[in-house]
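So the chains spell out like this:
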Amino acid sequence: MVKMMEEKILELIESNKRIVIARHVGGDPDALGATFALKEIILENFKNKEVYVAGTSISRFKFFGAHDKVTDEMCYDSLLIALDIPDIKRLDGVDYYKFKKVIKIDHHPEIDKFSNNEMIDIDASSTCELIAKFCYDCNLKMPKHAAENLFMGIIADTNRFLFGANKAQTYEMVLRLIRDEHVKPNELYEILYKRSISEVRLEGFISLNMNVTKNGLGYVRITDEDLKKYGVDSASIGSIMNNYNFVHGLICWVVFTEDVKNNVIRTSARSRGVRINKLFEQYNGGGHVYACGAKLKDFSEADEIIDKLDELCKEYKEDELK
Ligand SMILES: [Mn+2]
C-alpha cells in the first residue's frame, strides 16, 4: 500500500522535468547515501528527467556519487527535494527560495517547515531507510548502486545498529537490500570504517583527556596545536564521538575543536538520555535529540555549554532517582 504522502511525492517527481536533490552541509553517509540513491532511483524509473545533486563534495566519500554544478538558473523551474535536513539555513549548495516546488524527506525533529510535501518520520533510523521504503512501497526499480548507498546510510546513522534501531522496519529494509539487491555488507564496511592511524591516535587523546563531572558529563577541548600534533583536521571528530556510548558514568559527552581556518570552535555532542538539541539550537547549531553539533565563536562559549550541559545531566539524574 502506497501511503498518501508517498503518492504525492511520486506525482511531483512525475510532473517535474528537472529535479535538484540537496542535503545538509557537512554531508555524512546518510545524507550522501540518500541523495545519490534517490537520483539513481529517479533516473532508473522515470523517462526524460534531469536530476542534479547539489552540495560540496567530500573527498573520503567519493563512492556515493559525484556532485553536480547547480546554478541559480537551473533552480527556477525545478523541483527541490531536500533530504536529511530539518532547517533551511543548513541546505548545502542551493538557495531554497529559488525553487518552484519543494519536497522534504527527513528523520530529524522538525525545525523549519519546507512545504506541504514533507515526509518526516523521527522514528526512522535514517533518511536512507525512508528512501528505501519509498522505493519499495511505490514498486520502483532499485538500482544496485542505489541499494549500496542506502545500506551505508542506514548502517552509518545507526552505527551498525547500536542507536535508533529498535524498529523491525529498519531490519526489514536492510534484509531486502541484502537479499533482493545483493548488497555485500563486508565490502561496504571498508568504505565506511577504514581509518587512518592518526585518527585512532586522536581517539586515544580524547579518551585520555576527557574530563568527567560527577553528573556524568564528559568534555574535551582540542586545540589547533593538538590537531597538528596528531596530523588530523577538525572534521575527524564526528566518527569518534559515537564510541563513547556505552561507558559507565557518561550520560552526555562533548568535544570542542579549534578550527583555525574557519575561525570557529567546532562542537560535537552526544547523549544517552538527556535531550540536548534545544540547547544547541540556542548556539546556532542543532541536530538530533541526542546527537548535536554547533560552531562556536570561541572557547568561552564552550565553557557556557559545559555548564549548561552539566546542569542538564544533573537534572536528568535527579529525575531518574525519583
Ligand atoms: Mn540522517
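Every residue gets a number counted from 1 within its own chain, in the order that chain's sequence is written. This being a predicted model, a pLDDT of at least 70 is required before a residue's local features are given, and a value of 80 or more before pairs of side-chain atoms are given or counted; all residues contribute to the totals for chains, interfaces and linings.

S.K.: Describe in detail the overall build of the protein, supporting the description with residues and values.
M.R.: Here a helix means four or more residues in a row that DSSP labels H or I, a strand means two or more in a row labelled E, and each is numbered from the N terminus. Helix and strand counts for the protein stand at twelve helices and eleven strands. Radius of gyration (C-alpha) of the protein: 20 Å, near the 20 Å computed for a compact globule of 322 residues. For the protein, the C-alpha atoms occupy an extent of roughly 60 × 40 × 40 Å along the three principal directions. Here a residue counts as buried when 20 or more other C-beta atoms fall within 10 Å of its C-beta, as exposed when 12 or fewer do, and as partly exposed in between; the C-beta atoms come from the backbone. The buried share of the protein, reckoned over its 322 residues, is 41%. Throughout, the radius of gyration refers to the C-alpha atoms, and the reference size of a globule is 2.2 Å times the residue count to the power 0.38.

S.K.: Lay out the domain arrangement of the protein in plain terms, naming residues and giving numbers.
M.R.: Domain annotation of the protein identifies domain 1 (4-192) and domain 2 (197-321). Look at where the C-alpha atoms of domain 1 and domain 2 centre, and you get two points 28 Å apart. This entry defines residue contacts through backbone-placed C-beta atoms, with two residues in contact when those atoms are within 7 Å. Counting from both sides, the interface comprises six residues of domain 1 and, opposite them, six residues of domain 2. Polar here means any residue outside two lists: the nonpolar Ala, Val, Leu, Ile, Met, Phe, Trp, Tyr, Cys and Pro, and the charged Asp, Glu, Lys and Arg; Gly therefore counts as polar. The residue makeup of the side of domain 1 that touches domain 2, split by class, is three nonpolar, two polar and one charged. Reported domain spans reflect what an automatic or database domain assignment gives.

S.K.: Let's hear about the sheet that holds strand S11 (residues 291-296): which residues, and what values?
M.R.: Here, strands pair whenever DSSP counts at least two bridges between them. Taken in spatial order, the six strands make up an open sheet running S6-S7-S8-S9-S11-S10, and their pairing is mixed. Looking at the sheet topology across the chains shown, the edges are occupied by strand S6 (211-212) and strand S10 (286-287). Taken together, the six bridges between strand S7 (residues 217-222) and strand S8 (residues 252-259) define a ladder with parallel strand orientation. Bridging from a neighbouring strand, Leu217 pairs with Cys252 of S8.

S.K.: Could you give an account of the pairing of strand S9 (residues 264-271), naming the residues involved and the relevant values?
M.R.: Judged by how many residues are buried, S9 sits mostly within the fold: seven of eight residues are covered. Of the pairings in the sheet, the one linking S8 to S9 comprises eight bridges and is antiparallel in character. Bridging from a neighbouring strand, Trp253 pairs with Arg270 of S9. Remark: four residues form the turn of the hairpin made by S8 and S9, two consecutive strands paired antiparallel; Asn263 in that turn has positive phi of roughly 55°. Bridge count for S9 against S11 is six bridges, and the pairing is antiparallel. The residue bridging Thr267 from the neighbouring strand is Ala294, located in S11.

S.K.: Summarise helix H12 (residues 299-321); cite the residues concerned and give the values.
M.R.: Helix length check: H12, at 23 residues, gives a terminal C-alpha distance of 33 Å against a target of 33 Å (1.5 Å per residue), a fit within 8%. Taken together, the buried positions of H12 are occupied by Ala302, Ile305, Leu309, Leu312 and Cys313. Given the number of residues in a helix, its expected span is that number minus one, multiplied by 1.5 Å.

S.K.: Give me the lowdown on the packing of helix H5 (residues 144-157) against helix H7 (residues 185-193), citing residues and values where you can.
M.R.: Contact geometry of H5 with H7 gives a least axis separation of 11 Å together with a crossing angle of 60°. Accordingly, the angle class assigned to the pair H5 and H7 is oblique. Remark: the crossing between H5 and H7 carries right-handed chirality. Residues Glu148, Phe151, Met152, Ile155 and Ala156 of H5 form the contact with H7, whose participating residues are Leu188, Ile191 and Leu192. To obtain an axis, a line is fitted to C-alpha atoms, over the contacting stretch when the element is a helix, and the angle between two such axes runs from 0 to 180 degrees between their N-to-C directions. Should an angle fall under 35 degrees it is taken as roughly parallel, and over 145 as roughly antiparallel, whereas 65 to 115 is taken as roughly perpendicular and any remaining angle as oblique. Crossings are sorted by hand: turned counterclockwise from the far helix by less than a right angle, the near helix makes the crossing left-handed, and turned clockwise it makes it right-handed.

S.K.: Quick one: what's the story with the sheet that holds strand S4 (residues 101-106), residue by residue and with numbers?
M.R.: Across the sheet, five strands lie side by side as S2-S1-S3-S4-S5; this open sheet has parallel pairing. Each edge of the open sheet carries a strand with a single partner, namely strand S2 (50-53) and strand S5 (118-120). Put simply, the sheet's adjacent strands are angled 15° from each other on average, direction ignored. Sheet strands in contact with helix H1 (residues 4-15) are strand S1 (18-23), strand S3 (79-83), S4 and S5, and its direction is about 135° off that of S4. Seen against the sheet, helix H2 (residues 29-45) touches S1, S2 and S3 and runs at an angle of roughly 165° to S1.

S.K.: An account of unusual backbone geometry is needed here, citing residue identities and associated values.
M.R.: Look at Asn48: it is not a glycine, yet its phi comes out positive at around 55°. Checked against the element boundaries, Asn48 lands in the loop between H2 and S2. Non-glycine residue His182 carries a positive phi angle of around 60°. Positionally, His182 belongs in the loop between helix H6 (168-179) and H7. Residue classification places His182 among the exposed positions, given that 10 C-beta atoms sit within 10 Å.

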